[in-house]
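Listed below are the residues making up each chain.
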Amino acid sequence: MPEVAEVAHVCAQLRRNVLGYQIASLVLNNDALLFPVLKNASNPEKELQSLQGRLLHSTIESVGRHGKYFWLRTRPVDSKSTDVLLMHFGMTGNIKIRNIGSHLIFLENAGTKEDVVTVEQLQNEENESKKEPEEWPPRFTKMELVLEKDGTRLDLAFTDPRRLGRIRLLTGPGIQADEDLLNTSPLDALGPDYSKSPNSLKSEKEFVIGDPDPHHHGRPRPTVEEFSKLVLSKKKPIKSFLLDQAFFSGIGNWVGDEVVYQARIHPNEVISSKIPQNLEKVHPVVQRLYDSIIYICEESVRVEGNVKKFPSNWLMLYRWSKAKKKGPKPTTDDGKALDFVTVGGRTSCFVPELQKPLKNE
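Report follows, based on the coordinates. (Residues numbered from 1 in each chain as written. Predicted model: local features only at pLDDT ≥ 70, side-chain atom pairs only at ≥ 80, totals over all residues. Heavy atoms only, no water.)

1. Thoughts on the packing of aromatic side chains
Alright, step 1. This model, assessed by the stated rule, comprises 11 aromatic pairs.
Alright, step 2. Ring plane angle 70 degrees and centroid distance 6.4 Å describe the contact between Tyr194 and Phe227, whose orientation is recorded as edge-to-face. One end of the pair, Tyr194, is in the loop between helix 4 (178-181) and helix 5 (224-231); the other, Phe227, is in helix 5, and 33 residues separate them in sequence.
Alright, step 3. Given a relative accessible area of 1%, Tyr194 falls into the buried group.
Alright, step 4. Taking relative accessible area as the criterion, Phe227 reaches 0% and is therefore assigned buried.
Alright, step 5. Here the aromatic cluster, defined as three or more aromatic residues joined through ring pairs, consists of Tyr194, Phe227, Phe241, Phe247, Phe248 and Tyr290. (Phe/Tyr/Trp six-rings, centres within 6.5 Å; stacked < 30°, edge-to-face > 60°. Helix = DSSP H or I, 4+ residues; strand = E, 2+ residues; numbered from the N terminus. Buried < 20%, exposed > 50% of the residue type's maximum accessible area, 1.4 Å probe, protein only.)

Here is the structure:
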């Protein structure tokens, strides 16, 4: 599943390429899963035409993101207000811009074969695919936009093989600022995005690389003291807790594994059962976890999810051979053996030698 880093890269691609473009034409699939507004519509086809009419000829003014959600803020012709095209990738969604390359490798879908799938192999496959003529529209396209600006044309497609993504068009006075948008469903149910600093400001400068939307939009991450109270109040495994979008927006399976690995905590650890709540100072284990969340989220977003730029001591570079059934277990760059455990119904990768259960205090 695309997580905070992958979503940030897609937003970066959009900000670098589509701002100021007008939607010259578009094709939307009549798919009630992808477009929730169609689910209870008495006439889905008419509702879809209304949606298309609202988007047609509107201009893309900005790009925003929070956790796994992202949006294009559009302005209809001769309108004083803007609309928001809000999107979520689900498990397999993606945005593709014709003839615009991307370094994204969705590693969560790898490692499903008998043999080991490495990052290098996936990168080689990606490079080979770039040599072939690009298919357009791509397979599994659910929304296709033709964008125009000053005589230049761009083709954009939202693809989703498993149809678990979601696209909504939000309108009205309650979404004219991004701070208000985050108080609108479904964004109002999300917790903070730890890749965003409490002191970050919305950047209006020309964007080159990194975080395309560093502003927290009124939902800053907590202080370490607030974080400590939260963690020590929960009676659930830390990996399961990290995947709860109501508290950690944008963290998915690989980011969660990376966080607990860097913090040297077992993914099945219930921290509140080992550490008392009434400490005068933040416990070192909780401090490590807090610092790890911020570090992994910020750094992975800074490099836009580019695995070639991840530090060599990151676990995620070695975790994708989980389906290998014969031979030695996969290891980290310094030779530590990896293992896998199911936590909250999800497969978690960890290093037993480094991520041992905490002592009861």
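Now that the structure has been shown, we can carry on.
2. As for the side chain of Asp213
Alright, step 1. As for its placement among the helices and strands, Asp213 is situated in the loop between helix 4 and helix 5.
Alright, step 2. Asp213 has contacts with Val63, Gly64, Arg65, Trp71 and Lys196, leaving out every residue within four places of it along the chain. (Contact = heavy atoms within 4.5 Å.)

3. Topic: the packing of helix 7 (residues 253-262) against helix 8 (residues 284-302)
Alright, step 1. Close contact between helix 7 and helix 8 brings their axes to 8 Å; oriented N to C, the two are set at 135 degrees. Comparing their axes, helix 8 and helix 7 come out oblique. Crossing of helix 7 against helix 8: the hand is right-handed. Each of Trp254, Val255, Glu258, Val259 and Gln262 in helix 7 lies in contact with helix 8, whose residues at this interface are Leu289, Ser292, Ile293, Ile296, Cys297 and Ser300.
Alright, step 2. Tallied by class, the residues present in the contact of helix 7 with helix 8 amount to seven nonpolar, three polar and one charged. (Axes fitted to C-alpha atoms, helices over the stretch in contact; angles between N-to-C directions. Parallel < 35°, antiparallel > 145°, perpendicular 65-115°, else oblique. Left-handed = near helix turned anticlockwise from the far one by under 90°. Nonpolar A, V, L, I, M, F, W, Y, C, P; charged D, E, K, R; others polar.)

4. Considerations on the environment of Lys96
Alright, step 1. Structurally, the position occupied by Lys96 is in strand 5 (residues 94-97).
Alright, step 2. Here the alpha-carbon distance between Lys96 and Tyr21, two residues 75 residues apart in the chain, equals 16 Å.

5. Details of the nonpolar core
Alright, step 1. The biggest cluster of nonpolar side chains holds 36 residues, and the ones touching the most others in it are Phe227, Ile271, Leu289 and Ile293.
Alright, step 2. At the level of elements, helix 5, helix 6 (238-242), helix 7 and helix 8 are the ones that each hand at least two residues to this core.
Alright, step 3. Of all the elements, helix 8 adds the most residues to this core, at eight residues.
Alright, step 4. For Ile293, the contacting residues outside a window of four places in its chain are Tyr194, Phe227, Leu242, Phe248, Ile251 and Val259.
Alright, step 5. Counting 32 residues, the second-largest nonpolar core is a separate cluster that includes Val18, Tyr21, Leu55 and Leu145. (Core = buried A, V, L, I, M, F, W, Y, C linked by side-chain atoms within 4.5 Å.)

None of this, on its own, says anything about what the molecule does.
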